[in-house]
Amino acid sequence: MRVNKSLNNPYLPELATVQEIIQETANIRTLRISLDDKEKMSEFSFRPGQVGQLSVFGVGESTFVINSPPTRKDYLQFSIMRVGEVTQRIHQLNAGDQIGLRAPLGNGFQYEDMKGHDILFIGGGIGMAPLRTLLLYMIDNRRDYGDIMVLYGARSPKDLCYTYEFEEWKAGGVNLVLTIDSEFPGWKERVGFVPTVLSEESPSPHNCIAVVCGPPIMIKFVLFGLKELGFEDHQILTTLEKRMKCGIGVCGRCNTGSKYVCLDGPVFSYEQIRGMAQEL
Ligand SMILES: Cc1cc2nc3c(=O)[nH]c(=O)nc-3n(C[C@H](O)[C@H](O)[C@H](O)COP(=O)(O)OP(=O)(O)OC[C@H]3O[C@@H](n4cnc5c(N)ncnc54)[C@H](O)[C@@H]3O)c2cc1C
Ligand code: FES
């Protein structure tokens, strides 16, 4: 058993308070929270891609990626899609309410190794959340990275998250390509599924790292598309969403092949998970 021993009592959540809530879409809400212990909040460090277990007391806890970057420390941000009991209750929270947080968990992106490369982010729906963390980190350290392109798709304009900061992304030197699945009144950007728009844009694999997150069907066809464009397995990163419980390598719930998503992931290169494709 490989347990994450860096936490004192790994099951004990820190108390945190909801500072602000942003309604992103009909079923996705963003929570900005801060730890009640100010010292712990100012010392809190993590890597883009790492996750936290948010708990609603008396209900349960669930895993969400920390989607504010470590370069912006006023709050920790989580975007939550309402799917079941815990997420339903998180959606009922108001600013000022208290919740629990166990974080950071998982491995995160090796952003040091990505320095000097062009970066291609490919996100679908709520899958933009982990990409946002790394994207904002790179905007805050812009000189370390080459060209940055974001291909972000959703079913309709109403299903896109973070629309209020698209201008900031562009001002940070990001080539933002937005697409929706089908025509929508007033929509002036691209129309078509993400893999199709990827082929049309045809980004060069030369010195480029692709970071992909979205629904499994999108990931599957995006991977085909990237391979056709000439991307090698080690140039493709993704984050996996296997259900997690303990988050620290004890319960075996997140086991995938020989890997634990909570310890070895959720960030993996396609090279690492290629052989496990059947189980994903
Ligand atoms: C590493 C990681 C990062 C994640 N990041 C985010 C995030 O940033 N934002 C976000 O909204 N969600 C994220 N999730 C998914 C989130 O953890 C689940 O949606 C949540 O646990 C559902 O809890 P619930 O009690 O509301 O739903 P439940 O009642 O437990 O389940 C409701 C439905 O959702 C399905 N479901 C539950 N958990 C998962 C899961 N992990 N993967 C696929 N299907 C699931 C169930 O099969 C069921 O159909 C992440 C999951 C992981 C493992
Ligand atoms: S082993 Fe428990 S969530 Fe990974």
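Residues numbered from 1 in each chain as written. Chains lettered and ligands numbered in written order. Predicted model: local features only at pLDDT ≥ 70, side-chain atom pairs only at ≥ 80, totals over all residues. Heavy atoms only, no water.

1. A short note on the pattern of salt bridges
Counted only if it meets this: One side-chain nitrogen of Lys or Arg within 4 Å of one carboxyl oxygen of Asp or Glu is enough to make a salt bridge. Here a strand is any run of E in DSSP of at least two residues, a helix any run of H or I of at least four, and the numbering for each starts at the N terminus. Think of it in three bands: residues with accessible area under 20% of the maximum for their type are buried, residues over 50% are exposed, and the middle band is partly exposed, with areas taken using a 1.4 Å probe on protein chains only.
Considering all chains together, one arrives at 12 salt bridges under this definition. Arginine 72 is the salt-bridge partner of glutamate 168, the closest N and O atoms lying 2.9 Å from each other. Of this pair, glutamate 168 sits in helix α4 (residues 166-171) while arginine 72 sits in the loop between β4 (60-65) and β5 (76-81), placing them 96 residues apart in sequence. Judged by relative accessible area, arginine 72 falls into the partly exposed class, the value being 28%. Within the structure, one salt-bridge network assembled from shared partners comprises Arg72, Asp140 and Glu168.

2. Remarks on the sheet that holds strand β12 (residues 236-239)
In a beta sheet, neighbouring strands are held together by backbone hydrogen bonds and run either parallel or antiparallel to one another. Selection criterion: The criterion for strand pairing is that DSSP finds at least two bridges linking the strands in question. Here, residues are in contact when the closest pair of their heavy atoms is within 4.5 Å. Under this scheme, a helix contributes an axis fitted over its contacting stretch, all axes are lines through C-alpha atoms, and angles between N-to-C directions fall in the 0 to 180 degree range.
Pairing within the open sheet is mixed, and its 7 strands lie in the order β10-β9-β8-β7-β11-β12-β15. Both edges of this open sheet fall to β10 (190-191) and β15 (267-269), since each of them pairs with a single strand only. Two elements, strand β7 (residues 118-124) and strand β11 (residues 208-213), share 6 bridges in a ladder whose sense is parallel. The residue bridging leucine 120 from the neighbouring strand is alanine 210, located in β11. Sheet contacts for helix α3 (residues 128-140): β7, β8 (148-154), β9 (174-180), β11 and β12; angle to β7, the most-contacted strand, approximately 150°. Relative to the sheet, helix α6 (residues 216-229) contacts β7, β11 and β12, its axis offset from that of β11 by approximately 165°.

3. A word on the sheet that holds strand β6 (residues 98-105)
Overall, antiparallel pairing links the 6 strands, which are arranged β4-β3-β6-β1-β2-β5 in an open sheet. The open sheet has two edge strands with one neighbour each: β4 and β5. Neighbour to neighbour, the strand axes of the sheet diverge by 40° on average, direction disregarded. As judged from the 4 bridges shared by strand β3 (residues 51-56) and β6, these two strands associate in the antiparallel manner.

4. Examining the domain arrangement of the chain
Quick reminder of the rule: Domain segmentation is taken from an automatic or database assignment of domains. Defined here as a combined quantity, buried area equals the accessible surface (1.4 Å probe) lost by two parts on assembly, summed across both. As used in this structure description, the phrase polar contact means that two N or O atoms lie within 3.5 Å; if the pair is within protein, one of them must be able to donate a hydrogen and the other to accept it, and residues adjacent in sequence are counted only when both atoms belong to side chains.
Structurally, the chain comprises domain 1 (14-105) and domain 2 (118-239). Look at where the C-alpha atoms of domain 1 and domain 2 centre, and you get two points 24 Å apart. Between domain 1 and domain 2, the contact holds 19 residues from the first and 17 residues from the second. Taking both sides of the interface into account, the surface hidden between domain 1 and domain 2 amounts to around 1,400 Å²; carbon and sulfur atoms contribute 59%. Where domain 1 meets domain 2, there are 2 salt bridges. Applying the counting rule to domain 1 against domain 2 returns 9 residue pairs in polar contact (both at pLDDT 80 or more).

5. Looking at the environment of serine 258
With respect to the element layout, serine 258 can be found in the loop between β13 (255-256) and β14 (259-260). The class of serine 258 is exposed, set by a relative accessible area of 63%. With 15 residues separating them along the chain, serine 258 and isoleucine 273 place their C-alpha atoms 9.9 Å apart.

6. Some details on empty space enclosed by the protein
Basically, it comes down to this: The way it works is a 1 Å grid over only the protein atoms, where trapped points that fit a 1.4 Å probe form a cavity and open points with protein on both sides within 12 Å along at least five of seven lines form a pocket, and then any residue with an atom within 4 Å of a point lines it. Grid points are joined across faces, edges and corners, and a volume is the space filled by probe spheres set on the points. In this classification, the charged set is Asp, Glu, Lys and Arg, the nonpolar set is Ala, Val, Leu, Ile, Met, Phe, Trp, Tyr, Cys and Pro, and all remaining amino acids, among them Gly, are polar.
Applying the stated criterion to the full structure yields 1 cavity of 30 Å³ or more. Taken as a whole, the largest cavity encloses approximately 40 Å³ of empty space. Lining the largest cavity, in full, are Met41, Phe44, Phe46, Pro70, Arg72, Lys73, Tyr75 and Leu76. Residues belonging to the lining of the largest cavity are distributed by class as follows: 6 nonpolar, no polar and 2 charged.

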